[in-house]
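Coordinate analysis (summary)
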Amino acid sequence: MKSRILIAGGLAALGAALGAYALRSHRAVPAPSREPTASTHSVLSVQVGELKRITLHRYVTGYGVVAPAPATRHRPAAAAEIAAPVTGVVTRVSITAGQRVRRGELLVELNSGSTTEAYAAQEVTRLKRLYAEHNASLKALQSAEAQLALLRVTAPLSGTVVNVNVKAGTSVDASTVLAEVIDLDRLVVRTSIPEMDAAELKKGDALHVLGASPLTTTLAYVSPTLNSSDGTVMAWASLPPHSGLRSGQFVRLRIITATARDALVAPSESVIRNAVGALGVLSVVRGHEAIRVPVTTGLREGGWVQVSGPGLAPGTRVVTVGAYGLPARTAIQIQG
């Protein structure tokens, strides 16, 4: 009995000792620190470009057709379809296609139903003699000359005969086109530009004819009215003589509507534009960081965008590839 009591007391003492040791061990473990630790920033790999100064343009593109110049205040049209002045029969054709003619040169002779060209010519000669002798009136002479003019068709302008539609013996009336003459040194390119693109068109804008033999001219006319059938505005520009273009030929063209000379520009992929307006941002390289800078954008051409904003100058490096989605300020590593 006495030995059992001694064993129980020993076990109790051992338990108390173990409990005291456990309590001391728990107190010795330090509490987790509540102080913030230094954060680790990721470094983004990007490519960069530089700002520079160049000349930019805004332009509209389209198609045009080469045609004879229309009549203006100072000059007649550069083309004429020559119709028969009276009903009759062609007696002689003095021209061939491709022939150069001068204004007033005889092209075609006719006989009408009431007289012949030969008789009308003799009558004019007779009345001129009588008028000189004071034996015929001026009115009679002028009437005979007018009759002969109806039977002798002459060129209304100097140019090249491009079409001859009749030959001797052909019956004609006032609707018959005898021939067509064009002054090939007075050609224009005509174009129709959609209303939305034509808002900035104005006389004097540079027009570039594109193709194998490009040339530059200026708009001579922009219509003040809209073609309601297709929603376009008509414009035309004179072509230089010997341009190498042919009447009726279709050409590609570009019209310059605005020019910014010595403009500060950024690579287009570096400019992140807002949803609306001409505002955007650039990520400017400062040391090993990219810092977002607000900019105002302007003309765009050939992979460049006109920009203006605080601290921007030629040579400023900006993020190009990787610019989209960059934070306002971030560490970067430049590739390439």
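Now for a quick tour of the structure. Keep in mind the model is a prediction, meaning the values are calculated, not measured.

The next subject is helix 2 (residues 117-132). Taking 1.5 Å of rise per residue, the 16 residues of helix 2 would be expected to cover 22 Å, and the 23 Å separating its terminal C-alpha atoms lies within 8% of that figure. Of the surrounding elements, those touching the buried residues of helix 2 are strand 7 (106-112), helix 3 (138-151) and strand 8 (152-154). Following helix 2 by one or two positions, His134 adopts a phi angle in the positive range, close to 65°.

Summed over all chains, the structure comprises one aromatic pair. One Lys or Arg, Arg254, reaches over the ring of Tyr59 and ends 4.9 Å from the middle of that ring.

Looking now at the pairing of strand 11 (residues 177-182). Taken across its six residues, strand 11 has five buried, putting it largely inside the fold. Here strand 4 (residues 79-83) runs beside strand 11; their pairing, made up of five bridges, is antiparallel. Bridged to Glu81 within strand 11 is Glu180. Here strand 9 (residues 159-164) pairs with strand 11 via four bridges, running antiparallel. Counterpart to Thr160 in the pairing with strand 11 is Ile182.

Here we take up the sheet that holds strand 11. Strand order across the open sheet formed by four strands is 4-11-9-6, with antiparallel pairing between neighbours. The open sheet is flanked by strand 4 and strand 6 (100-101), the only strands paired with a single partner.

Here the focus is the sheet that holds strand 8. Reading across the sheet, the four strands line up as 8-7-5-10 and stay open at both edges, with antiparallel pairing between neighbours. Edge strands, defined here as strands with exactly one partner in the open sheet, are strand 8 and strand 10 (171-172). Taken together, the five bridges between strand 5 (residues 88-93) and strand 7 define a ladder with antiparallel strand orientation. Paired with Gly88 across the two strands is Ser112, which belongs to strand 7. Where helix 3 meets the sheet, its contacts fall on strand 7 and strand 8, and the angle it forms with strand 7 comes to roughly 110°.

Conventions adopted
- Residues numbered from 1 in each chain as written.
- Predicted model: local features only at pLDDT ≥ 70, side-chain atom pairs only at ≥ 80, totals over all residues.
- Heavy atoms only, no water.
- Helix = DSSP H or I, 4+ residues; strand = E, 2+ residues; numbered from the N terminus.
- Expected span 1.5 Å × (residues − 1).
- Contact = heavy atoms within 4.5 Å.
- Phe/Tyr/Trp six-rings, centres within 6.5 Å; stacked < 30°, edge-to-face > 60°.
- Lys NZ or Arg CZ within 6 Å of the ring centre and 35° of its normal.
- Buried < 20%, exposed > 50% of the residue type's maximum accessible area, 1.4 Å probe, protein only.
- Pairing = 2+ DSSP bridges.
- Axes fitted to C-alpha atoms, helices over the stretch in contact; angles between N-to-C directions.

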